[in-house]
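One letter stands for each residue in the lines below.
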Amino acid sequence: MNGKTLCGEQSYFEWFRPPLVPFLMCVQSFVGFNIAEYLFILLSTLILVTSLYLTAKKWDVDYRLFLVIALVTPYALTFSVLEGTEAMALSMILLAAYFWPSSYSGIFFGLSFLTRYTSILFFPLVLFLERPNLKQLILTGVLFLLTVSPWLAYNYLEKGDPFYSPYGSYKFNVQARTGHYQSLDLMNFLVPGAFYSL
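Predicted, not measured: the structure shown is a model, and the values here were computed from it.

Student: What am I meant to see in the overall build of the chain here?
Tutor: Within the chain, the regular secondary structure consists of eleven helices and zero strands. Traced from its N-terminal end to its C-terminal end, the chain shows the element sequence α-α-α-α-α-α-α-α-α-α-α. A total of 198 residues make up the chain; the buried ones form 36% of that total. The long-range fraction of contacts in the chain, counting pairs at least 24 apart against all pairs at least 6 apart in sequence, stands at 60%. Here the chain displays about 12,400 Å² of accessible surface, and carbon together with sulfur accounts for 67% of that area.

Right, here's the structure in full:
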């Protein structure tokens, strides 16, 4: 829906959603939004395969194992495109890990954040894969801020708060669900179990 708003086709906008996926949907909408959805799945899968390959190559791991896990298992296929952003966010985190300790990883941290706000939780894990120095951390932070600053500026101009959308996402997805627990369901164990048994 946000992609249609960005393209000027409707006025409803969900502020709690990060902007990268709707932006990509808008860019691909020249073929129509129904086809753009499939193009986005194809694009995110291609980026995921590339990021898996590069990351495996960097750490000298057999990339075919990563590809099997990411593309063949029903668990991974189902959940990577379930909400439309998981595969893209994972790809950006993997690309940040691939480029680290180069400061260019800050761009991919930013793109990951603009795909799923919760991906910020993975940043410390990537940053300490290799011992960083202060200059690398600062440059990475600057590139991260440059990547996300247009969205934060837009939030400020429209809502008066640069963190309106990330905070709205937190409030909608975390704070409002405190106290709401999912009951124990056998499927919670079977689906991951099927994944790990492959």
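That covers the picture; the talk isn't over yet.
Student: How should I be thinking about helix α6 (residues 86-99) in this particular structure?
Tutor: Residues that lie three or four places apart on an α-helix share one face, since the helix turns once every 3.6 residues. For α6, spanning 14 residues, the distance from its first C-alpha to its last is 20 Å, which sits close to the expected 20 Å at 1.5 Å a residue. Most of α6 is tucked away, with ten of its 14 residues classed as buried. Of all the residues in α6, the buried ones are Ala87, Met88, Ala89, Ser91, Met92, Ile93, Leu94, Leu95, Ala96 and Ala97.

Student: Just checking my understanding: could you explain the environment of Leu152 for this structure?
Tutor: Its location among the elements puts Leu152 in helix α9 (residues 134-159). Of the residues examined, Leu152 reaches a relative accessible area of 13% and is grouped as buried. When the C-alpha positions of Leu152 and Pro166 are compared, they lie 9.2 Å apart, and in sequence the two are 14 residues distant. Leave out the neighbours within four places in its chain, and Leu152 touches Pro162 and Phe163.

Student: Can you walk me through a nonpolar patch on the surface in this structure?
Tutor: Among the surface-exposed residues, Ile120, Leu121, Phe122 and Leu125 lie close enough to one another that they form a single nonpolar patch of about 430 Å² accessible area. You can see Ile120 is positioned in the loop between α7 (105-115) and α8 (123-127).

Student: What is the right way to look at the pattern of salt bridges in this model?
Tutor: Pairs may arise between side chains of opposite charge once their charged atoms sit close together. As enumerated under the stated definition, the model contains two salt bridges in all. Here Glu130 makes a salt bridge to Lys58, at a shortest N to O gap of 3.5 Å. Pair noted here: Glu130 is in the loop between α8 and α9 and Lys58 is in helix α3 (residues 33-58), with a separation of 72 residues, a long-range link. Given a relative accessible area of 29%, Glu130 falls into the partly exposed group. For Lys58, a relative accessible area of 28% puts it in the partly exposed group.

Student: Sorry, what's going on with α7 here?
Tutor: A large share of α7 lies buried, amounting to nine of its eleven residues. Within α7, burial applies to Ser105, Gly106, Phe108, Phe109, Gly110, Ser112, Phe113, Leu114 and Thr115.

Student: Explanation requested: the packing of aromatic side chains in the structure shown.
Tutor: Evaluation of the coordinates by the stated rule reveals seven aromatic pairs. Between Phe99 and Phe108 the ring centres are 5.1 Å apart and the planes differ by 5°, which places this aromatic pair in the stacked class. According to the relative accessible area criterion, Phe108 is buried, its value standing at 17%. Taking 5.0 Å as the distance between ring centres and 55° as the angle between the ring planes, the aromatic pair formed by Phe113 and Tyr117 counts as tilted. Taking relative accessible area as the criterion, Tyr117 reaches 8% and is therefore assigned buried. Of the aromatic side chains, those joined through ring pairs into one cluster are Phe109, Phe113, Tyr117, Phe123 and Phe144.

Student: Could you clarify how one ought to interpret the nonpolar core in this entry?
Tutor: Generally speaking, a soluble globular protein has its nonpolar side chains buried in company with each other. Core analysis: the biggest nonpolar cluster contains 26 residues, and Phe40, Phe109, Phe113, Leu114, Val126, Phe144 and Val148 have the highest contact counts within it. Mapped onto this core, the elements with two or more residues apiece are α2 (20-27), α3, α6, α7, α8 and α9. Counting five residues, the second-largest nonpolar core is a separate cluster that includes Leu48, Leu67, Ala87 and Leu94.

Student: Help me understand the packing of α3 against α6 in this model?
Tutor: The packing of two helices is summarised by the inter-axis angle and the distance between the axes. Between α3 and α6, the least distance of the axes is 8 Å, while the angle of their chain directions is 30°. As the angle between them shows, α3 and α6 are arranged roughly parallel. Seen along the crossing, α3 lies across α6 with a hand that is left-handed. Taking contact as the criterion, the partners of Phe40, Leu43, Ser44, Ile47, Leu48, Ser51, Leu52, Leu54, Thr55 and Lys58 in α3 are, on α6, Ala87, Met88, Leu90, Ser91, Met92, Leu94, Leu95, Ala97, Tyr98 and Phe99.

The rules we used
- Throughout, residues of each chain are indexed from 1 in the direction in which the sequence is written.
- Where totals are concerned, whole chains, interfaces and linings use all residues; where local detail is concerned, this predicted model gives features only for residues with pLDDT of at least 70, and gives and counts side-chain atom pairs only at 80 or more.
- Processing note: side-chain calculations cover all non-hydrogen atoms of the structure and skip hydrogens and water entirely.
- Elements are defined by DSSP. Helices are runs of H or I of four residues or more, strands are runs of E of two residues or more, and each kind is numbered from the N terminus.
- Each residue is assigned to one of three classes by its accessible area relative to the maximum for its type, calculated with a 1.4 Å probe on protein chains only: buried under 20%, partly exposed between the two thresholds, exposed over 50%.
- Two residues form a contact once any of their heavy atoms are found within 4.5 Å.
- Note on areas: Shrake-Rupley with a 1.4 Å probe; residue coverage comes only from the protein chains shown.
- To estimate the expected span of a helix, subtract one from its residue number and multiply by 1.5 Å.
- Each patch groups residues whose relative accessible area exceeds 30% and which form no salt bridge, using 9 Å between like charges and 5 Å between nonpolar side chains of Val, Leu, Ile, Met, Phe, Trp and Tyr.
- Should a side-chain nitrogen of Lys or Arg be within 4 Å of a carboxyl oxygen of Asp or Glu, the pair is scored as a salt bridge.
- Classification of ring pairs uses Phe, Tyr and Trp, with its six-membered ring standing for Trp, and accepts pairs whose centres are within 6.5 Å; under 30 degrees between planes counts as stacked, over 60 as edge-to-face, and the remaining range as tilted.
- By nonpolar core is meant a set of buried Ala, Val, Leu, Ile, Met, Phe, Trp, Tyr and Cys residues that side-chain atoms within 4.5 Å join together.
- Lines fitted to C-alpha atoms define the axes, with helix axes restricted to the stretch in contact, and inter-axis angles between N-to-C directions lie between 0 and 180 degrees.
- Working rule for angles: under 35 degrees goes down as roughly parallel, over 145 as roughly antiparallel, 65 to 115 as roughly perpendicular, anything else as oblique.
- Handedness of a crossing is defined here by the sense of rotation of the near helix relative to the far one, left-handed for an anticlockwise turn of less than a right angle and right-handed for a clockwise turn.

By themselves these figures say nothing about function.
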